[in-house]
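Here is what each chain is made of, one letter per residue.
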Amino acid sequence: AQTVTQSQPEMSVQEAETVTLSCTYDTSESDYYLFWYKQPPSRQMILVIRQEAYKQQNATENRFSVNFQKAAKSFSLKISDSQLGDAAMYFCAYRPYTGTASKLTFGTGTRLQVTL
Amino acid sequence: GAVVSQHPSRVICKSGTSVKIECRSLDFQATTMFWYRQFPKQSLMLMATSNEGSKATYEQGVEKDKFLINHASLTLSTLTVTSAHPEDSSFYICSAYARQVNEQFFGPGTRLTVL
């Protein structure tokens, strides 16, 4: 079974600074998807960024980028120029590549605080 | 992006009653929807996968007779918590799979409180 581990229960960053959230996973599959989701106080899950395992290039979405190390099974999220609105729970998630809908496996989450 | 709604957003019920939660994909068809449960300060735990026109697939440890799932159309899945007890109090989140973009979109969640 796949597992996703987030070893940082809480992180703090100053506004405008950069922070990196860690995620490792375990799988025997060679093709899969990895995601970072944000859950603000409203509790609405928001997709931040997505990475296909077959792509060597790290995904980037504006201030958000990932460092995907397939051999190490590591998938960290870097948030640049942090903003107060980035404060939220961040969940790393894994999904098998089956071509059709398949289950997401979530990590335990990292709570990010953004300070002035 | 695609929109998924849930109704109600909050519900309070007495112990022993049943509660139905609706999950709708508003602007796309979803052959597959997922139901999650989230306890305070914890991650999302998948309860079941709901497939349109067929029986739901439940995760290990989830009582199918307690958590009834119906996916009668391509835009609606319902979760009924039967004979609810205080330990069923939780935050329930659904997601719908959009085949066109190969992505799950999440509803805003339903907070259930059983007195």
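Structural data are supplied above this passage.
A count of helices and strands for chain A gives zero helices and 12 strands. In sequence order, the secondary structure elements of chain A are arranged as β-β-β-β-β-β-β-β-β-β-β-β. At 14 Å, chain A has a C-alpha radius of gyration in line with the 13 Å of a compact globule built from 116 residues. The principal-axis extents of the C-alpha atoms in chain A amount to approximately 45 × 25 × 25 Å. Across the 116 residues in chain A, those meeting the buried criterion constitute 47%. The contacts in chain A between residues at least 6 apart in sequence include a share of 55% that link residues at least 24 apart. Working note: accessible area of chain A is about 5,700 Å², and carbon and sulfur atoms make up 45% of it. Distance between charge centroids for chain A: 6 Å, based on 11 positive and 10 negative side chains.

Taken together, the contacts link 21 residues of chain A with 24 residues of chain B. Across the chain A to chain B interface the summed buried area is about 1,800 Å²; carbon plus sulfur atoms make up 49%. Counting the contacts that link chain A with chain B gives one salt bridge. Of the charged contacts in the structure, one is a salt bridge between A:Lys103 and B:Glu59, with a shortest N-O distance of 3.1 Å. The tally of links from chain A across to chain B stands at nine residue pairs in polar contact (both at pLDDT 80 or more).

Turning to the pattern of salt bridges, a few remarks are in order. Residues and elements named next belong to chain A. Tallied over the full model, the rule gives seven salt bridges over all chains. The residue Asp26 makes a salt bridge to Lys73 at a minimum N-O spacing of 3.6 Å. Taken together, the residues span a long stretch of sequence, with Asp26 in strand β4 (residues 24-26) and Lys73 in the loop between β8 (64-69) and β9 (74-79) at a distance of 47 residues. On the basis of relative accessible area, Asp26 is assigned to the partly exposed category, the value being 40%. Put simply, Arg50, Glu52 and Lys55 are held in one network by salt bridges that share partners.

Residue and element names in this part refer to chain B. Along the chain, Pro8 falls in the loop between β1 (4-7) and β2 (10-13). Taking relative accessible area as the criterion, Pro8 reaches 17% and is therefore assigned buried. Distance in space between the C-alpha atoms of Pro8 and Gly109 is 8.6 Å, their sequence separation being 101 residues. In contact with Pro8, other than residues within four places in its own chain, are Lys20, Ile21, Gly109 and Thr110.

This brings us to the sheet that holds strand β3 (residues 19-25) of chain B. Residue and element names in this part refer to chain B. Spatial ordering of the open sheet is given by β1-β3-β8-β7, a layout of four strands whose pairing is antiparallel. Because the sheet does not close on itself, it has two edges, and the strands there are β1 and β7 (67-73). The sheet shows a mean angle of 15° between the axes of neighbouring strands, direction not considered. Both β3 and strand β8 (residues 76-81) contribute to a ladder of six bridges, which runs antiparallel. Across the sheet, Cys23 pairs through a bridge with Ser77, a residue of β8.

What counts and how
- Residues numbered from 1 in each chain as written.
- Chains lettered and ligands numbered in written order.
- Predicted model: local features only at pLDDT ≥ 70, side-chain atom pairs only at ≥ 80, totals over all residues.
- Heavy atoms only, no water.
- Helix = DSSP H or I, 4+ residues; strand = E, 2+ residues; numbered from the N terminus.
- Rg over C-alpha atoms; globule rule 2.2 N^0.38 Å.
- Buried < 20%, exposed > 50% of the residue type's maximum accessible area, 1.4 Å probe, protein only.
- Contact = heavy atoms within 4.5 Å.
- Areas by Shrake-Rupley, 256 points an atom, 1.4 Å probe, with all protein chains shown as cover.
- Lys, Arg positive; Asp, Glu negative; His and termini not counted.
- Charge placed at Lys NZ, Arg CZ, Asp CG, Glu CD.
- Buried area = accessible area lost by both parts, 1.4 Å probe.
- Salt bridge = Lys/Arg side-chain N within 4 Å of Asp/Glu carboxyl O.
- Polar contact = N/O pair within 3.5 Å; in protein donor to acceptor, adjacent residues only side chain to side chain.
- Pairing = 2+ DSSP bridges.
- Axes fitted to C-alpha atoms, helices over the stretch in contact; angles between N-to-C directions.

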